[in-house]
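Each chain, written out:
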Amino acid sequence: MDGFSSTFLSTLSQHPKSLLSPNYSPNTSSSLTLKVTSVRIEERPQTTTTTIRTKPQEKPTPPSKQTPKRELPVKPIPSRKPQEPSFPSVIFNAFDDFINTFIDPPLRSSVDPRYVLSNNFAPVDELPPTDCEIVEGSLPPCLDGAYIRNGPNPQYLPRGPYHLFDGDGMLHSIRISQGKATLCSRYVKTYKYTIEREVGSPVIPNVFSGFNGLTASAARGAITAARAIAGQFNPTNGIGLANTSLALFGGKLFAHGESDLPYAVKLARDGDIITLGRHDFDGNLIMSMTAHPKIDPETNEAFAFRYGPMPPFLSYFRVEPNGTKTPDVPIFSMTRPSFLHDFAITKKYAIFSDIQIGMNPIELITGGSPMGTDSGKIPRIGVIPRYAKDESEMRWFDVPGFNIIHAINAWDEDGGNTIVLVAPNILSVEHTLERMEMIHACVEKVKIDLKTGMVSRHPVSTRNLDFGVINPAYVGKKNKYVYAAIGDPMPKVTGVAKLDVSVAETDRRDCIVACRLFGEGCFGGEPFFVAKNPNNPEADEDDGYVVSYVHNEKTGESRFLVMDAKSPSLDIVAAVKLPRRVPYGFHGLFVRENDLTKL
């Protein structure tokens, strides 16, 4: 989710009770001297004197000679020791504090860290592999492997504005083997994370909250450029957070954040998470890629794209099963930059959504974010053959009022003459970045007749749903079931709803056929479906389990839940008590044991 607002940096490289100290103010001095012992209840905050906890038997990161080709290895990070800030850091941090106090203080709740980082949104320290207790039921044998979820977890408390989408990527992995579970939480060791850890304070500004208004943008941009000139960081090495999602393709497991290249990661045998390095596909991928590549389960190809503030605003490509990236297909018919977070594929086509969120210079001039909504823009859907070598066959269809951030699935009908897309439509798109608690997303089914150009839509469910997932074996082909997170309101998730999108074709009734609410004070995240028998083509589409992390804000306890996807109420099959809380995050992935061993 950290992609589009990194305009400035990409160009260089080309509610609740606060858990923060009640004495916190934007003009607090740099992170080197800031005392924030009230950030977390169950663990001390990560300050400049914190060391990463490791096991004595923990294996070191493999030497660089074992690093896969074209991956930019991450320099080993020493234990953090008390250090005096360098003179340039003192100067730059002083300027940062001046901007955060007098030019752009965090006045709005959407960028006020005391609000954004409250309750279970507050960051946690790294956790080495730690045994978990199974408190209900038992873990099914088909779950041998690891469920890994990504999300923002700032290494340092922000000195100024902070948006929920900002924050260093942290992976929370529960490794399951023979009915036992182990939890591990590690930062993705991005270039940004590594540099800031060495310096001892933030260096690269937050992209979603650091550039509000012309004055603040110019001031922070100047300081960022000065830091680069002073040698504090090199923007050509990447400025991304890798905090959004994970994907397994080309024989590698990647952590994604769409303002940068993906970072390859792997799991050690003991469940520890190791960052292998920034991956550029043998030099064929520059700048960035989507955090939501689509993997065809039959061909094992990965389809992806990148977008940005300069033409071409959209470029489409794919990655072969052996990890080879194909040349970009620039889409020049995307005439202005748009927020393209996700897309969909069918067996014949790739489908993009040009929505009302994008670059908004007027907002920037009036003191807002460079990203905003354009109410006068008509959303549209773009369709291109998925093996296209140029954009000559790209077609755009106007779909007024259809604004999607996430796509669920798409497929072909009528011999490829009709495309069906299922996705949550954001009914109040103007609140997407500023007031997420006011967002309501209605899952819709859209049909595009490629012969006539006619587009029809109807709601699948009117409940507030997002983060919809399916059985991964049905990506790109007609599916029946969807498992979606219930927002009440977003970004908090109160439960999981199972939809049967095959109903409502004629009577337009709500498609929810099963539901599991987590209970009062309990909130989860994106669900994920794991099939019982993934290699059985005769298995029912919903024969499997739905998994998710769930946190109880009353007790402070987090659990890993396993739910029966076939049951009418998504019955809990197993509940694992986690050794410490897992903050709310974004997207996850289940990787089976046989795939983990190949990484």
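Here the residue index of a chain counts from 1 through its sequence in written order. Selection of residues for local features in this predicted model requires a pLDDT of at least 70, selection of side-chain atom pairs for listing and counting requires 80 or more, and totals for whole chains, interfaces and linings are taken over all residues. Remark: hydrogens and water are excluded; side-chain values derive from all non-hydrogen atoms of the structure.

- As annotated in an unreviewed UniProt entry, the chain is Carotenoid cleavage dioxygenase 4 from Anisodus tanguticus.
- UniProt positions are given in the numbering used here, feature names are shortened, and annotations may be inferred rather than shown by experiment. Its UniProt record, at the heading Sequence similarities (unreviewed entry), says of the chain: "Belongs to the carotenoid oxygenase family."

## With respect to the sheet that holds strand 20 (residues 395-398)
Line of reasoning, step 1. Two strands qualify as a pair provided that DSSP identifies no fewer than 2 bridges between them. Secondary structure elements follow DSSP: runs of H or I no shorter than four residues count as helices, runs of E no shorter than two count as strands, and numbering proceeds from the N terminus. Pairing is antiparallel across the open sheet formed by 4 strands, whose spatial order is 15-16-19-20. Of all strands in the sheet, those with a lone pairing partner are strand 15 (344-345) and strand 20, marking the two edges.
Line of reasoning, step 2. The pairing of strand 19 (residues 380-385) with strand 20 spans 4 bridges and is classified as antiparallel. Bridge pairing links Val383 to Arg395 in strand 20.

## Concerning the pairing of strand 22 (residues 418-426)
Here is the key point about a regular strand: its side chains alternate between the two faces of the sheet.
Line of reasoning, step 1. Relative accessibility decides the category of a residue: with a 1.4 Å probe and only protein chains considered, values under 20% of the type maximum give buried, values over 50% give exposed, and everything between is partly exposed. Within strand 22, 9 of the 9 residues are buried, which leaves it mostly tucked inside the rest of the structure.
Line of reasoning, step 2. Where strand 21 (residues 409-413) and strand 22 come together, 5 bridges link them in antiparallel fashion. Each bridged residue has a counterpart across the sheet, and for Asp412 the counterpart in strand 22 is Ile419.
Line of reasoning, step 3. The loop that links strand 21 with its antiparallel partner strand 22 comprises 4 residues; one of these, Asp414, has a positive phi angle of about 55°.
Line of reasoning, step 4. Bridge count between strand 22 and strand 23 (residues 441-449): 9 bridges; the pairing is antiparallel. Within strand 23, the residue paired with Leu421 across the bridge is Val446.

## Overview of the pattern of salt bridges
Line of reasoning, step 1. The rule for a salt bridge is simple: a side-chain nitrogen of Lys or Arg has to be within 4 Å of a carboxyl oxygen of Asp or Glu. Taken as a whole and assessed by the stated rule, the structure comprises 38 salt bridges.
Line of reasoning, step 2. With a shortest N-O distance of 2.8 Å, Asp272 and Arg186 are connected by a salt bridge. Taken together, the residues Asp272 in the loop between strand 9 (263-267) and strand 10 (273-279) and Arg186 in strand 6 (residues 180-187) connect sequence positions 86 residues apart.
Line of reasoning, step 3. Given the relative accessible area of 4%, Arg186 is considered buried.
Line of reasoning, step 4. The salt bridge partner of Lys477 is Glu298, with a shortest N-O separation of 3.6 Å. With Lys477 in the loop between strand 25 (465-469) and strand 26 (481-487) and Glu298 in the loop between strand 11 (294-295) and strand 12 (302-307), this residue pair connects regions lying 179 residues apart in the sequence.

## A word on the packing of aromatic side chains
Line of reasoning, step 1. When the centres of two rings from Phe, Tyr and Trp lie within 6.5 Å, Trp using its six-membered ring, the rings pair. Their planes under 30 degrees apart give stacked, over 60 give edge-to-face, and anything left gives tilted. Counted under the stated rule, the structure contains 20 aromatic pairs.
Line of reasoning, step 2. Ring geometry for Phe343 versus Phe352: centroids 5.2 Å apart, planes at 15°, classification stacked.
Line of reasoning, step 3. Taken together through their ring pairs, the aromatic side chains of Phe305, Tyr307, Tyr316, Phe339, Phe343 and Phe352 make up a single cluster.
Line of reasoning, step 4. Sitting over the face of the ring of Trp396, Arg380 holds its NZ or CZ atom 4.0 Å from the ring centroid.
Line of reasoning, step 5. Placement of a charge over a ring requires the Lys NZ or Arg CZ to be within 6 Å of the ring centre, with the centre-to-atom vector within 35 degrees of the ring normal. In this arrangement the basic side chain of Lys477 is found over the ring face of Tyr474, its NZ or CZ atom lying 5.0 Å from the centre.

## Notes on the sheet that holds strand 24 (residues 455-461)
Line of reasoning, step 1. Pairing in this open sheet of 4 strands is antiparallel, and the strands run 21-22-23-24 from one edge to the other. Strands with a single pairing partner mark the edges of an open sheet, and in this sheet they are strand 21 and strand 24. Looking at each pair of strands side by side, their axes are set apart by 25° on average, direction ignored. Here the axes come from fitting lines to C-alpha atoms, over the contacting stretch only for helices, and the angles between their N-to-C directions go from 0 to 180 degrees.

## Some thoughts on the packing of helix 2 (residues 87-103) against helix 5 (residues 214-229)
Line of reasoning, step 1. Helix 5 packs onto helix 2 with a crossing angle of 170° between their chain directions and a minimal axis gap of 11 Å. Considered as vectors, helix 2 and helix 5 are oriented roughly antiparallel to each other. Residues Phe92, Asn93, Phe95, Asp96, Ile99, Asn100 and Ile103 of helix 2 form the contact with helix 5, whose own contacting residues are Thr215, Ala216, Ala219, Arg220, Ile223, Ala226 and Arg227. Throughout this description, any angle smaller than 35 degrees is read as roughly parallel, any larger than 145 degrees as roughly antiparallel, any in the 65 to 115 degree range as roughly perpendicular, and the remainder as oblique. Working rule for contacts: check all heavy atoms of both residues, and any pair within 4.5 Å makes them a contact.

## Quick look at helix 2
Because an α-helix completes one turn every 3.6 residues, residues spaced three or four positions apart along the sequence face the same direction.
Line of reasoning, step 1. With 17 residues, helix 2 extends 23 Å between its outermost C-alpha atoms, agreeing within 8% with the 24 Å of an ideal straight helix rising 1.5 Å per residue.
Line of reasoning, step 2. The inward-facing, buried residues of helix 2 contact helix 4 (191-199) and helix 5. Expected helix span is taken as 1.5 Å per residue step, with the number of steps being one fewer than the number of residues.

## Quick look at the environment of Arg186
Line of reasoning, step 1. Sequence-wise, Arg186 and Leu171 are 15 residues apart; in three dimensions their C-alpha atoms are separated by 5.5 Å.
Line of reasoning, step 2. Any pair of N or O atoms that falls within 3.5 Å is considered a polar contact. Within protein, one atom must be able to donate a hydrogen and the other to accept it, and sequence-neighbouring residues count only if both atoms are side-chain atoms. At a separation of 3.4 Å, a polar atom in the side chain of Arg186 contacts the side chain of Glu126.
Line of reasoning, step 3. At 2.8 Å, the side chain of Arg186 forms a polar contact with the side chain of Asp272.

## Comments concerning helix 4
Line of reasoning, step 1. Helix 4 sits mainly inside the fold: 8 of its 9 residues count as buried.
Line of reasoning, step 2. Along helix 4, the residues classified as buried are Tyr191, Lys192, Tyr193, Thr194, Ile195, Glu196, Arg197 and Val199.
Line of reasoning, step 3. Immediately downstream of helix 4, the backbone of Gly200 shows phi near 95°, a positive value.

## Section: the nonpolar core
Line of reasoning, step 1. Core analysis: the biggest nonpolar cluster contains 57 residues, and Phe343, Phe352, Ile384 and Leu499 have the highest contact counts within it.
Line of reasoning, step 2. Elements with a contribution of two residues or more to this core: strand 12, strand 13 (314-319), strand 16 (349-354), strand 22, strand 26 and strand 27 (493-500).
Line of reasoning, step 3. Beyond its immediate sequence surroundings of up to four residues, Phe352 is in contact with Phe305, Leu314, Tyr316, Leu340, Phe343, Arg380, Ile381, Gly382, Ile384, Met394 and Trp396.
Line of reasoning, step 4. Nine residue types can take part in a nonpolar core, namely buried Ala, Val, Leu, Ile, Met, Phe, Trp, Tyr and Cys, and a core is a set of them joined through side-chain atoms within 4.5 Å. By size, the runner-up hydrophobic cluster in this structure holds 45 residues, among which are Cys132, Cys184, Tyr263 and Tyr545.

## Quick word on the UniProt feature "binding site: Fe cation" (unreviewed entry) in the chain
Line of reasoning, step 1. Within this structure's numbering, the places UniProt gives as "binding site: Fe cation" (unreviewed entry) are His292, His341, His406 and His587. The greatest C-alpha distance among the annotated residues, which extend across 296 residues, is 12.6 Å, indicating that they converge on a single site.
Line of reasoning, step 2. With respect to the helices, strands and loops of the structure, His292 is situated in the loop between strand 10 and strand 11.
Line of reasoning, step 3. Classification of His292 as buried rests on a relative accessible area of 10%.

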